[in-house]
Amino acid sequence: QPQLAESGGGLVQAGGSLRLSCAASGRPGTTYAMGWFRQAPGKLREFVAGISWSGDRTYYADSVKGRFTISRVNAMNAVSLQMARLKPDDTAVYYCAAKEFSPPGQWNLASIDYWGQGTQVTISS
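Because the structure is a prediction, the values reported are computed rather than measured.

Novice: Any chance you could explain the sheet that holds strand β8 (residues 78–83) here in plain terms?
Specialist: Note: strands within a sheet are paired through backbone hydrogen bonds, in either parallel or antiparallel orientation. The antiparallel open sheet is built from four strands, whose spatial order is β1-β3-β8-β7. The open sheet has two free edges, formed respectively by β1 (3–7) and β7 (68–73), since each of these has just one partner strand. Each strand of the sheet is rotated relative to its neighbour by a mean of 15°, with strand direction disregarded. Two strands pair when backbone bridges link them, and β1 and strand β3 (residues 18–25) are joined in this way by five bridges, in the antiparallel orientation. Bridge assignment links Glu6 to a residue of β3, and that residue is Cys22.

Novice: Would you take a moment to explain the nonpolar core for this structure?
Specialist: Side chains of a nonpolar character, in soluble globular proteins, are inclined to be buried together. Residues Met34, Trp36, Leu81, Met83 and Tyr94 are the most contacted members of the largest nonpolar core, which totals 35 residues. Mapped onto this core, the elements with two or more residues apiece are β3, β4 (33–39), β5 (46–51), β7, β8, β9 (92–99) and β11 (119–124). Among the elements that take part in this core, β9 stands out by supplying five residues, more than any other. Among all residues touching Tyr94, those that are not within four sequence positions of it are Glu6, Leu20, Trp36, Phe37, Arg38, Val48, Phe68, Leu81, Met83, Gly118, Thr119 and Val121.

Novice: Is there a simple way to explain the side chain of Asp90 in this structure?
Specialist: Relative to the helices and strands, Asp90 is located in the loop between β8 and β9. Residue Asp90 is classed as buried on the basis of its relative accessible area of 1%. A distance of 2.8 Å separates polar atoms of two side chains, one belonging to Asp90 and the other to Arg67. The contact partners of Asp90, leaving out residues within four places of it in the chain, are Arg38, Arg67, Phe68, Arg85, Val121 and Ile123.

Novice: Help me out: how do you make sense of the packing of aromatic side chains in this one?
Specialist: The description of an aromatic ring pair uses the distance of the two centres, along with the angle that the planes make with each other. In total, this model carries six aromatic pairs according to the counting rule given. Ring plane angle 75° and centroid distance 5.1 Å describe the contact between Phe37 and Trp115, whose orientation is recorded as edge-to-face. With Phe37 in strand β4 and Trp115 in strand β10 (residues 114–115), this residue pair connects regions lying 78 residues apart in the sequence. Between the aromatic rings of Tyr59 and Trp107, the centroid separation amounts to 6.3 Å while the plane-to-plane angle is 45°, which identifies the pairing as tilted. Residue Tyr59 is located in strand β6 (residues 58–60), and its partner Trp107 is located in the loop between β9 and β10; the two are separated by 48 residues in the primary sequence. By the ring-pair criterion, three or more aromatic residues cluster together here, those being Phe37, Phe47, Tyr59, Tyr95, Trp107 and Trp115. Seen from the ring of Tyr95, Arg45 lies directly overhead, with NZ or CZ sitting 3.6 Å from the centre. Over the face of the ring belonging to Trp115 we find Arg45, whose NZ or CZ atom lies 4.7 Å from the ring centre.

Novice: Even after reading the chapter, I still don't get unusual backbone geometry, so can you show me in this structure?
Specialist: Backbone phi values are negative for most residues with the exception of glycine, while trans is the configuration of most peptide bonds. One non-glycine residue, Arg85, lies in positive phi territory at about 50°. By the secondary structure assignment, Arg85 is in the loop between β8 and β9.

Novice: Help me out: how do you make sense of the pairing of β9 in this one?
Specialist: Each regular strand shows side chains that alternate between the opposite faces of the sheet. Counting buried positions along β9 yields seven of eight residues, so the element is predominantly enclosed. Where β4 meets β9, seven bridges bridge the pair, whose relative direction is antiparallel. Across the sheet, the residue bridging to Met34 is Ala98, located in β9. Sheet topology note: the β9/β11 ladder contains three bridges and is antiparallel. Looking at the pairing, Tyr94 lines up with Thr119 of β11. Summarising the sheet, β9 and β10 pair through two bridges and their orientation is antiparallel. Across the sheet, the residue bridging to Ala98 is Tyr114, located in β10.

What counts and how
- Residues numbered from 1 in each chain as written.
- Predicted model: local features only at pLDDT ≥ 70, side-chain atom pairs only at ≥ 80, totals over all residues.
- Heavy atoms only, no water.
- Pairing = 2+ DSSP bridges.
- Helix = DSSP H or I, 4+ residues; strand = E, 2+ residues; numbered from the N terminus.
- Axes fitted to C-alpha atoms, helices over the stretch in contact; angles between N-to-C directions.
- Core = buried A, V, L, I, M, F, W, Y, C linked by side-chain atoms within 4.5 Å.
- Buried < 20%, exposed > 50% of the residue type's maximum accessible area, 1.4 Å probe, protein only.
- Contact = heavy atoms within 4.5 Å.
- Polar contact = N/O pair within 3.5 Å; in protein donor to acceptor, adjacent residues only side chain to side chain.
- Phe/Tyr/Trp six-rings, centres within 6.5 Å; stacked < 30°, edge-to-face > 60°.
- Lys NZ or Arg CZ within 6 Å of the ring centre and 35° of its normal.

Remember, this is a structural readout, not a statement about activity or role.
Structure representation (structure tokens):
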């Protein structure tokens, strides 16, 4: 199965920006739909953003629409999440996710086939 490697987490002040990156490796020739989920302390893991394998369709949680932008580089099976106007409520561990088999618009926990290890994002007020 592929390995998902995340980078880019950290600590920023409210109103600031941060960029997360993730690259999938280990299965040459396979392209995945990829996305991001997050999990705050004491809360369930939730969907943040997703992008189709071709990059022509993107999906966002209502809480991040207009602030976060997901993009991908297919040649590298990599995806980035540009986060702007960050809020303390965005504080969470962010997980890169990849899927092969579920419908394009389905982005829930059950639809994900592979997970990254997670990267901490902390927004100070």
